[in-house]
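# Descriptive analysis of the structure
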Amino acid sequence: MNDSKNKFEGNSRYFTISIYCIVTVLIMAIIVRSVFLWEETSNILGNLFSTLSPFFIGILIAFLINPLVSWMRKTVFNKWLHIKNDALSRILAILFSYILVIGVITVGMMYLIPEIIHSLTLLLEKMPDWAKSIMDFINNLSQRFPDVDFKYIQKTIMNTDSTLQDTLNKVITSLTTTIVDTGFSVLKFIFNFIVAIIVSCYLIIDKKMQARGIKRVVFAFFKPERAKKIWNVVKRSIRIFSNFFDGKMIDSLIIGILCFISMMIIGLFGVSGFSECALLISIIVCVTNMIPYFGPFLGGIPSVLLLCIYSLQSAFVLGILIIVLQQLDGNLIGPKILGDSTGLRPLWIIFAITIGGWLAGVFGMLLGVPCVAVITGLMEETVDRRLKEKEIDLPVLKNEKVRKNNKHSKIFTDLKNKFKK
């Protein structure tokens, strides 16, 4: 009897179909469970993201601090101090970069938090005087124009004053409580911060080895043609994120310095509050300017309220200054430094910031732009490939693509070359 007839022979085609079916069923089961048990699913996802938050923060820190590390390694230790050992210069650059950044953040927080609480307290104390001045002005108008009924306006002002005072009281209480709560949970904060720093250090030190490892995994589990496409997507994503963060940091730093210099110059002409609050407001404007479009306004509103402590005229002048800086950044400085690093149109940028803010707050607004840039880039490549397969030629799209490719600024390219290893 021939046993070869009873021998099982594997069929790679049916095995692949079975794997696809199993994966599809698992994905559908996860989707159904997520929809019908959304509260439980959201709690699980929330706990998962909370647990992995140090790793996400570490990746963000690595993107932000890598340009400083590269500059210190090439310029400070190789060029100025003439350290030829590449490993030693890299370790020293990473060490001093982290010491510098952590020191600046620590000193800044020690200065900013008490200053913000003090400013909000002064603003709360001055609000009754402002309300009284406005009421006196309306009373004078009612005497001059007795036929006009100003009671509704007076009532609205009184209600607004009470509402603003309650809001500021809640903000001050919440800020103070947050600081106290942070003090009680300082061990958890320190642990997460140390893990994030360690993750970012490993990402910077071993970035070439990690890139090589990811590439090996991609080419090991996918066919060569598909592996090349996936690897190109990974490289494109890293490039977009790197270009966005590097350029935006340089842009925000320039805007912060211009804001500080402008406020000091305006303060010399006797505008109250400009010299006293120049550093605090400049730091706020610099940090919030990292968020495209909405950033200057997010930093401008609290800054204008801060100067209301000194006078409404000072707040009005600062509002004009911030608008001027925003226009200068949007039309001159930003395009020169950033160029077309994301390739997004303004509408897509606003969409990315809105969705990112809804999903993850301020961090979502910051990360939304490069994430949407990667997605739209992949969609554009897919559309171009489909049009090419259908032999549809649209010259307008080609010209637009050429215009985008040629728009990238030479200034930003030169800056990137200085930081490039």
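The numbering scheme is per chain: residues are counted from 1 as the chain's sequence reads. Whole-chain, interface and lining totals are the exception, using all residues; otherwise, since this is a predicted model, local features are given only for residues with pLDDT of at least 70 and side-chain atom pairs are given and counted only at 80 or more. The side-chain values count all of the structure's non-hydrogen atoms but skip hydrogen atoms and water molecules.

### With respect to empty space enclosed by the protein
Of the two site types, the cavity is a set of points on a 1 Å grid over the protein atoms alone where a 1.4 Å probe fits but cannot get out, and the pocket is an open set with protein on both sides within 12 Å along at least five of seven lines, each lined by residues with an atom within 4 Å of a point. Grid points are joined across faces, edges and corners, and a volume is the space filled by probe spheres set on the points. What the rule picks out here adds up to one cavity of 30 Å³ or more. Counted as a void, the largest cavity has a volume near 70 Å³. Runs of H or I in DSSP of at least four residues are treated as helices and runs of E of at least two as strands, each being numbered from the N terminus. The leading source of residues in the lining of the largest cavity is helix 10 (residues 312-338), at four residues. Amino acids outside the nonpolar list (Ala, Val, Leu, Ile, Met, Phe, Trp, Tyr, Cys, Pro) and the charged list (Asp, Glu, Lys, Arg) are all regarded as polar, and Gly is one of them. By residue class, the composition of the lining of the largest cavity is five nonpolar, two polar and one charged.

### Quick look at the packing of aromatic side chains
To describe a pair of aromatic rings, one takes the distance between the centres and the angle between the planes. By convention, a stacked pair of Phe, Tyr or Trp rings (six-membered ring in the case of Trp) has centres within 6.5 Å and planes under 30 degrees apart, an edge-to-face pair has planes over 60 apart, and any other such pair is tilted. Counted under the stated rule, the structure contains eight aromatic pairs. Ring geometry for Phe244 and Phe245: centres 5.5 Å apart, planes at 70 degrees, overall edge-to-face. Looking at Phe244, the relative accessible area reads 3%, which means it is buried. Among the aromatic residues, ring-to-ring pairing joins Phe63, Phe241, Phe244 and Phe245 into one connected group. Classification of residues uses two cut-offs on accessible area relative to the type maximum, computed with a 1.4 Å probe and protein chains only: under 20% is buried, over 50% is exposed, and between them is partly exposed.

### Digging into helix 9 (residues 295-307)
Helical periodicity: at 3.6 residues per turn, an α-helix aligns residues three or four positions apart in one direction. Spanning 13 residues, helix 9 covers 19 Å between terminal C-alpha atoms, matching the ideal 18 Å at 1.5 Å per step. Taken together, the buried positions of helix 9 are Gly295, Pro296, Gly299, Gly300, Ser303, Leu306 and Leu307. Residue count minus one, scaled by 1.5 Å, sets the expected span of a helix.

### A few points about the packing of helix 2 (residues 38-80) against helix 7 (residues 224-268)
Following both chains from N to C, one finds helix 2 and helix 7 inclined at 60 degrees, their axes separated by 9 Å at the closest point. By the angle between their directions, the pair helix 2 and helix 7 is classed as oblique. Between helix 2 and helix 7 lies a crossing of right-handed hand. Between helix 2 and helix 7, the contacting residues are Leu60, Phe63, Leu64 and Pro67 on the first element and Ile238, Phe241, Ser242, Phe245, Asp246 and Met249 on the second. Looking at the contact of helix 2 with helix 7 residue by residue, the classes come out as eight nonpolar, one polar and one charged. Simply put, an axis is a line fit to the C-alpha atoms, just over the touching stretch for a helix, and the angle between two N-to-C directions goes from 0 to 180 degrees. Roughly parallel covers angles under 35 degrees, roughly antiparallel covers those over 145, roughly perpendicular covers 65 to 115, and oblique covers all other angles. Two helices cross in a left-handed way if the nearer one is turned anticlockwise from the farther one by less than a right angle. They cross in a right-handed way if the turn is clockwise. Contact definition: two residues touch when any of their heavy atoms are within 4.5 Å.

### Some words on the packing of helix 3 (residues 86-144) against helix 8 (residues 278-288)
Running from N to C, helix 3 and helix 8 point in directions that differ by 110 degrees, and their axes come no closer than 11 Å. It follows that helix 3 is roughly perpendicular to helix 8 by the angle criterion. Taking contact as the criterion, the partners of Tyr111, Leu112, Glu115 and Ser119 in helix 3 are, on helix 8, Leu279, Leu280 and Ile283. Looking at the contact of helix 3 with helix 8 residue by residue, the classes come out as five nonpolar, one polar and one charged.

### What to know about a nonpolar patch on the surface
Two distance rules govern patches: like charges are joined within 9 Å, and nonpolar side chains (Val, Leu, Ile, Met, Phe, Trp, Tyr) within 5 Å, applied only to residues with over 30% relative accessible area and no salt bridge. Per-residue and other accessible areas follow the Shrake-Rupley method at a 1.4 Å probe size, with only the shown protein chains counted as cover for residues. Throughout this description, the term salt bridge denotes a Lys or Arg side-chain nitrogen within 4 Å of a carboxyl oxygen of Asp or Glu. Residues Phe15, Ile19, Ile22, Val23, Leu26, Ile27, Met28, Ile31, Val32, Val35, Phe36 and Leu37 make up a contiguous nonpolar surface patch of about 1,200 Å² in total accessible area. Inspection of the secondary structure puts Ile22 in helix 1 (residues 12-36).

### Considering the confidence of the model for the protein
Values of pLDDT, ranging from 0 to 100, describe the predictor's confidence in every residue of the model. Mean pLDDT over the protein: 78, with 81% of residues reaching 70 or higher. Low confidence marks residues 401-412, where pLDDT is under 50. Its contacts with residues over four positions away, or in another chain, come to 21 contacts.

### Quick notes on the nonpolar core
The nonpolar side chains of soluble globular proteins are, as a tendency, buried together. The nonpolar core is taken to be a set of buried Ala, Val, Leu, Ile, Met, Phe, Trp, Tyr and Cys residues, with the residues joined through side-chain atoms within 4.5 Å. Within the largest apolar cluster, 25 residues are counted, with the highest numbers of intra-cluster contacts made by Met263, Phe274, Ile281, Leu307 and Leu318. For this core, the leading source of residues is helix 10, giving seven residues. In this view, Phe274 contacts Met263, Ile266, Gly267, Leu307, Ser314, Val317, Leu318 and Leu321; residues no more than four positions away in its chain are not counted. Core analysis: the next-biggest nonpolar cluster, separate from the first, contains 17 residues, Phe245, Ile291, Ile349 and Val372 among them.

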